[in-house]
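Secondary and tertiary structure notes
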Amino acid sequence: MKRTNLVALLPCWLALVLAPNHPVRAAEASPAPASALQAGSISGQVSNAATQSYLEGAVVELAGTNRIVTTDREGRYQFSGVPPGQVTLVVTYAGLDPQRLPVSMGSGQRAVVDVQLTSAIYKLDRFTVAGEREGTALAETLQRQAPNVKAVVSSDTFGNVADGNIGDMLQHMAGMTADYNGHDVRQVSIRGVEANLNSVTMDGQQVASSQSAGAGRAFEFEQASLGNIETIEVTKAPTPDMDGASIGGSVNLVTKSPFNSAAGRVFSYTLGFVTRSTHKTRGASWKEPIEGYGPSMNFMYSDVIGEKKNIGITLTGTLHSQPGAGATSILSFERKNEPGPVYAFSAQRRVENATRSRIATGVKVDYKWSERTTVAFNTVYNFFHENADTRLSNLTTAQTIATVDASGNRTGGGLIHPDYAGGITRVYAAAGSSNAITTTTTDKSGRTYLFSPMVRHRLDGMDIKYSLSYSNAATYYDISHNNDKYDNRPKGTVTLRLPNIGWTVDRTKDPIFPTITQTQGPNMYDLNNYSALLLTQNDQRGFDRVFSGKFDLKKDLPVALPTYLKTGFSLQQQSRKYWAASRRYNYTGPDGILGTADDNQDLGQFTDTTGYHRKDEDKWYRSRGGVPVWPNPYGVARHQKLYPELWKEDIAFGAQNRLQNNRLVDEQIAAAYIMGNVRLGRVSVLGGVRVEDTRVEGEGPLNFLSPAERTRRAAWVGPVTDAEARRRAVAQFGGRDTNSGQYRMALPGVHLKYEPLDGLVTRFSWSTGLGRPAFGSIIPNTTINEDTLRVTVSNPDLKPQSSNSFD
């Protein structure tokens, strides 16, 4: 059967909403005389007299009728079909004194009545700059007037507490949980639902997120800035005019508009610095001009220009660099059901440092084509960089209890002393008791830009809005710094291992950061005793592109009760591509041959002597058993680059990794909706349905070893050369597979709001949502195993999760 086009019903909907705005009279009714009086209209803008800011969400009522409207972002309101004679406007706004304004209406008159609200509290205040008070009032007003369950917060409310990170600010809101990356909020969950099942939009359009060169759907706030955001809307019960991908909820970032104020030119800025107790930093001078201190700067410029004052410009900028480091202790304990003492079989000591910096700019231009038509152009650019340096010392042993004599000497198998009731675990030296050292250094940079034009028409009793949006995000992990995007020195992950050692973990004085003392075996604070020096350099890149278009039409219906109908459609296309090019190298020693006696010779030359710890931290570690010894990851990477003959690359690993991690997917979402709202006194009812059609096409690796290749490998005699290792990887992992999928879902919802008393709002919402599978689950990744007769595939036709939410 031929599939129905999603927008096929749109002409019918438009015919309904574009119907004449006056009641249809009966055919037998007598025609009105030519001299009959004609209805007129009242329009205007509502502003704050003290701050000159236009008030969104002010309530304007025609006294003695049931006609009530709320103002838009520019403070505009409009009543059409107002009969001639004396009428009264009643204007109210949270925190400001209400006003009653009499208006004399002539026949067919178009009256313009601008309203300035004020409050007695302003009489004591000479300052007229909008700030936290006004921002909070706006947020509370929008939240109270919303027909559904929604939380609104103004960026003014928290000042600069967010350090430019939107996620840092969101974690202060009810129902939001932060997912940290070091000291930065990277993602947020809503109502306990993970970030992959929620949506983030800017002015209603999805923003691209390359998600750390990964294959998930979560939006990462480290590549977004608070600088150009006016309010943030967190919707827990979405209405049909919103994207359906919001099982937990959705976050909409509303950008600043120059027409929000009648004050004219506004320029504001903040200057400061950020610091925290940190280890030695290796950041660029612009990120940390003074060691341990990063700059924090924000500015905003807004003005209305032109002969007719019809061009508004808003410029925003943010530079924020945050040094950050810390020491962490991680203990792994015996698992047992019965109560009693337990032993620690693994003790990790980790030191981490990551300077995270972001630069963000925004330009928004609004052009008033006429009093009824506004054209807006919004552009945003964000750059993020993180240089991370994490060092880990991990003491582990097998979870076996030793047999000991009266002197405590081990007499049989087992590696852990049986007496551990006093909070002290003693581990005996053996092959299974070892210390693994890992130092990881990365350069992660990313950028996101967005361009979005929008047109809005305000007609009598009708509002039409249509927009386009193009957003592009990229993440670069430059480790080897070959063809890099962020110029820096080579680095990577360095690992070594020292077996046959014994130690004690003493938790009696400090159960969180215990004292660790070596008791047996080679000195674990000397790199010359370690072996298996390995350098891994994992370069990764991820790209995300979102192109979307939306059309929305809202029409007030000429019926007895305040009623409006809203309809629209949207089309969104998203492309995700990512790849990884990992290489790893084993140190061979002076002879340049791996597997000989000198592979572990003179590893002490790679000891980090640059003073990674501060003196007080060295003292802190010494009081707990000793300062862990670290290899210098920058020195190791530099040594490999200068002396490649002393290192052996794992060719098969690198070739296989590159082939298996080259993946891409294209997803197209077409949606249409219709909804209506009616107000019955203190009760408001909104209901409607949204239909979304999703189509996915992906390309990924095909892992298959042909019978001919199996025969060839079986006949191979002698060691595998680098060329042969590369050829084998291509033969097994070099295939490509494509696939596609499609599904359609209807998402209905009903939202009730009841205001039994002034200042008290009660709500009930039933909403539906969907959670699309992660891209990693639908990009083709096929493995054919002839030995087990099994084919394993990722499924591009995988259907989404769905939810029914009651609030």
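This text gives an overview of the structure that appears in the document.

What counts and what doesn't
- Residues numbered from 1 in each chain as written.
- Predicted model: local features only at pLDDT ≥ 70, side-chain atom pairs only at ≥ 80, totals over all residues.
- Heavy atoms only, no water.
- Helix = DSSP H or I, 4+ residues; strand = E, 2+ residues; numbered from the N terminus.
- Buried < 20%, exposed > 50% of the residue type's maximum accessible area, 1.4 Å probe, protein only.
- Contact = heavy atoms within 4.5 Å.
- Areas by Shrake-Rupley, 256 points an atom, 1.4 Å probe, with all protein chains shown as cover.
- Phe/Tyr/Trp six-rings, centres within 6.5 Å; stacked < 30°, edge-to-face > 60°.
- Lys NZ or Arg CZ within 6 Å of the ring centre and 35° of its normal.
- Salt bridge = Lys/Arg side-chain N within 4 Å of Asp/Glu carboxyl O.
- Polar contact = N/O pair within 3.5 Å; in protein donor to acceptor, adjacent residues only side chain to side chain.
- Pairing = 2+ DSSP bridges.
- Axes fitted to C-alpha atoms, helices over the stretch in contact; angles between N-to-C directions.

**Points about the overall build of the protein**
Of regular secondary structure, the protein possesses 9 helices and 37 strands. The buried share of the protein, reckoned over its 807 residues, is 49%. Long-range pairs, those at least 24 residues apart, make up 72% of the contacts in the protein between residues at least 6 apart in sequence. For the protein, the accessible surface area stands at approximately 36900 Å², while carbon and sulfur atoms represent 55% of it.

**So, the packing of aromatic side chains**
A complete count under the given rule lists 13 aromatic pairs for this structure. For the ring pair Tyr343 and Tyr420, a centre distance of 5.2 Å and an interplane angle of 85 degrees mean the geometry is edge-to-face. Residue Tyr343 is located in the loop between β19 (325-333) and β20 (344-368), and its partner Tyr420 is located in the loop between β21 (373-396) and β22 (424-427); the two are separated by 77 residues in the primary sequence. Note that Lys554 overlies the ring of Tyr564, its terminal NZ or CZ placed 4.3 Å from the centroid. The aromatic ring of Phe653 is capped on one face by Arg584, whose charged end is 4.0 Å from the ring centroid.

**So, the pattern of salt bridges**
Within the structure shown, the criterion is met by 36 salt bridges. In this structure, the salt-bridge partner of Glu338 is Lys336, at a minimum N-O distance of 3.8 Å. According to the relative accessible area criterion, Glu338 is partly exposed, its value standing at 47%. Residue Lys336 is classed as partly exposed on the basis of its relative accessible area, which comes to 26%. One salt-bridge network, in which partners are shared between bridges, spans Asp72, Glu74, Arg76, Glu371, Arg456, Arg458 and Asp463.

**Examining the side chain of Thr239**
By secondary structure assignment, the location of Thr239 is in the loop between β14 (229-235) and β15 (250-255). Looking at Thr239, its side chain comes within polar contact range of the side chain of Asp241, at 2.4 Å. When residues no more than four places from it in sequence are discounted, the contact partners of Thr239 are Asn148, Met675, Leu686 and His751.

**Comments concerning the sheet that holds strand β5 (residues 85-93)**
Read from one edge to the other, the open sheet built from 4 strands follows the order β3-β2-β5-β6, with strand pairing classed as antiparallel. Two strands lie at the open edges of the sheet, namely β3 (68-70) and β6 (96-105), each paired on one side alone. Across this sheet, the average inter-strand angle for adjacent strands is 20 degrees, counted without regard to direction. Where β5 meets β6, 8 bridges bridge the pair, whose relative direction is antiparallel.

**Brief notes about the sheet that holds β14**
Whether parallel or antiparallel, the strands of a sheet pair through hydrogen bonds between backbone atoms. Strands sit in the order β9-β14-β15-β12-β13 across an open sheet of 5 strands; the sheet is mixed. The open sheet has two edge strands with one neighbour each: β9 (150-154) and β13 (205-206). When β9 meets β14, the two strands line up antiparallel, connected through 5 bridges. Looking at the pairing, Lys150 lines up with Thr235 of β14.

**Section: unusual backbone geometry**
The phi dihedral of Ser212 falls on the positive side, at around 50 degrees, and the residue is not glycine. The residue Ser212 is located in the loop between β13 and β14 in this model. You can call Ser212 buried: its relative accessible area is 12%. We note that Asn500 has phi near 60 degrees; this positive angle belongs to a residue other than glycine. As for its placement among the helices and strands, Asn500 is situated in the loop between β25 (493-499) and β26 (502-506). Its relative accessible area of 39% is what places Asn500 among the partly exposed residues.

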